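Read off the chains here:
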Amino acid sequence: MKIDEVELRLVRLPYRAPFRTSFGEESEKHALIVTVRSDGVEGYGEGVMDPLPHYREECIPGALHLLRNAFAPELMSRVVDHPSEVVARWVEWRGNPMAKTALELAVWDCYARQQNVPLRKLLGGERTDVPVGASLGMNPIAQTVDSVAWHVEQGYKRVKLKIEPGWDVELLAAVRAKFPDIELTVDANSAYTLEMMDLLHQIDEFGLHYIEQPLHWDDMLDHATLATKLRTELCLDESLTSPARVRMALDLKACSVVNVKVGRVGGLQAVREIHDLCVSRKVPMWCGGMLESGIGRAHNIHIATMPGFVFPGDTASASRTYARDITEQKLEATNGVMPVPSGPGIGVTLDRDFVKEVTESVEVIRR
Ligand code: OSB
Ligand code: MG
């Protein structure tokens, strides 16, 4: 395929409620929606970098600069035989996995639409629905307990609580008092250090399935040390930025569960490599989320159909996060099960009028 145009569109979507984690509070999504056009067919991708680098070090202005001046012109300068090759063409530009992914995902979607198959087929995903859990931002304890109750009633397969030092033991005690047996996990988004072993040992007592990214956002070694001191399994999120980094984490025993976020690891081809590695080492994986709009959410759902994704992912109903999404198809789970959109590609289309309303900026780069 030959890519004729790349469109970079920034949209701002208000969250229904502010989302608070240990790295900050956000009240709206700034989504970078990338469209590629090839032979009259469009494909869509989403960038998950934030305006400022709070989760990892990428940010929207940096991503726009690279997409505009490096990745998009290079992409359009040569024929694409298969989307799996795209990111490898950009090795001369280091890092920046989220920016690369936003464009790579659009190419995958476009390619799948041209082949007239759902994206999951290109990934070897046979499932037509995927089990999902929900990630709950930090809120007062009583409100969190109510929210857990609501999500359990809705049938979500797992609940993840955001924690930080001082916002952990009391919260977990309150939730466990009401829900002693639910599948419960916590995500610290790097808020602890090995100096806080007392606290970490207390967290270890709540029968959690795993603890997600307790230590520094780029660390491997301290997590490997921590893993020997706790009974609860460790899952890495922030630290896993490529297939090589996943291999490193597994070799070091820094985690025994892998959270895959396509943007963080550098694209769908990277996800496929990580998938095969984890399957061969019998390491369970699940698909993380970044509060994506319907475009990124649909990609995540297709990704989670791959057989190595054995634990429930973060890709819950869009209506939990947004009063209105930018896609025409509603991505809603029933009983903790999310149907995979069945059309070609990612199976969702843009609600063009609403997209226009929420667009902050748009530019088109032509071949
Ligand atoms: O650490 O998993 C995380 C959202 C934004 C940034 C980081 C994370 C999250 C979530 C939300 O936990 C998951 C979702 O509902 O998409
Ligand atoms: Mg996380």
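Residues numbered from 1 in each chain as written. Chains lettered and ligands numbered in written order. Predicted model: local features only at pLDDT ≥ 70, side-chain atom pairs only at ≥ 80, totals over all residues. Heavy atoms only, no water.

Caption draft 1: Focus on the layout of surface pockets. Empty space within the largest pocket amounts to approximately 910 Å³. Lining the largest pocket are 44 residues; nearest its centre among them are Phe-19, Ser-135, Gly-137, Leu-291 and Arg-320. Looking at which element gives the most residues to the lining of the largest pocket, the answer is strand β1 (residues 5–21), with 7 residues. Viewed by domain, the lining of the largest pocket spans two of them, domain 1 (5–116 + 351–366) and domain 2 (121–339), each represented by three or more residues. Considering only enclosed or pocket space, the second largest pocket measures out at about 230 Å³ in volume. For the lining of the second largest pocket, the elements supplying multiple residues, two or more each, are α2 (97–115) and α10 (268–280). Each residue belonging to the lining of the second largest pocket can be placed in one class, and the counts come to 8 nonpolar, 4 polar and 2 charged. (1 Å grid on protein atoms, 1.4 Å probe; cavity = no way out; pocket = protein on both sides within 12 Å on 5 of 7 lines; lining within 4 Å. Points joined across faces, edges and corners; volume = space filled by probe spheres on them. Helix = DSSP H or I, 4+ residues; strand = E, 2+ residues; numbered from the N terminus. Domains from an automatic or database assignment. Nonpolar A, V, L, I, M, F, W, Y, C, P; charged D, E, K, R; others polar.)

Caption draft 2: Representation of the domain arrangement of the protein in the model. What the domain assignment lists for the protein is domain 1 (5–116 + 351–366) and domain 2 (121–339). Averaged C-alpha coordinates put domain 1 and domain 2 at centres separated by 23 Å. With 34 residues of domain 1 at the contact, the number on the domain 2 side is 45 residues. Across the interface of domain 1 and domain 2, roughly 3,500 Å² is buried in total on both sides, 65% from carbon and sulfur atoms. When residues of domain 1 are sorted by the area they lose upon contact with domain 2, Arg-20, Tyr-55 and Arg-56 head the list and together hold 20% of the total. (Contact = heavy atoms within 4.5 Å. Buried area = accessible area lost by both parts, 1.4 Å probe.)

Caption draft 3: A look at the side chain of Glu-58. Here Glu-58 lies in the loop between β3 (41–47) and α1 (60–77). We note that Glu-58 is buried and unpaired, the nearest opposite charge coming from Arg-56 at a distance of 6.6 Å. Within polar-contact distance, the side chain of Glu-58 engages the backbone nitrogen of Met-98 at 2.7 Å. Other than its neighbours up to four places away in sequence, Glu-58 contacts Met-49, Asp-50, Pro-53, Asn-96, Pro-97, Met-98 and Ala-99. (Buried < 20%, exposed > 50% of the residue type's maximum accessible area, 1.4 Å probe, protein only. Lys, Arg positive; Asp, Glu negative; His and termini not counted. Salt bridge = Lys/Arg side-chain N within 4 Å of Asp/Glu carboxyl O. Polar contact = N/O pair within 3.5 Å; in protein donor to acceptor, adjacent residues only side chain to side chain.)

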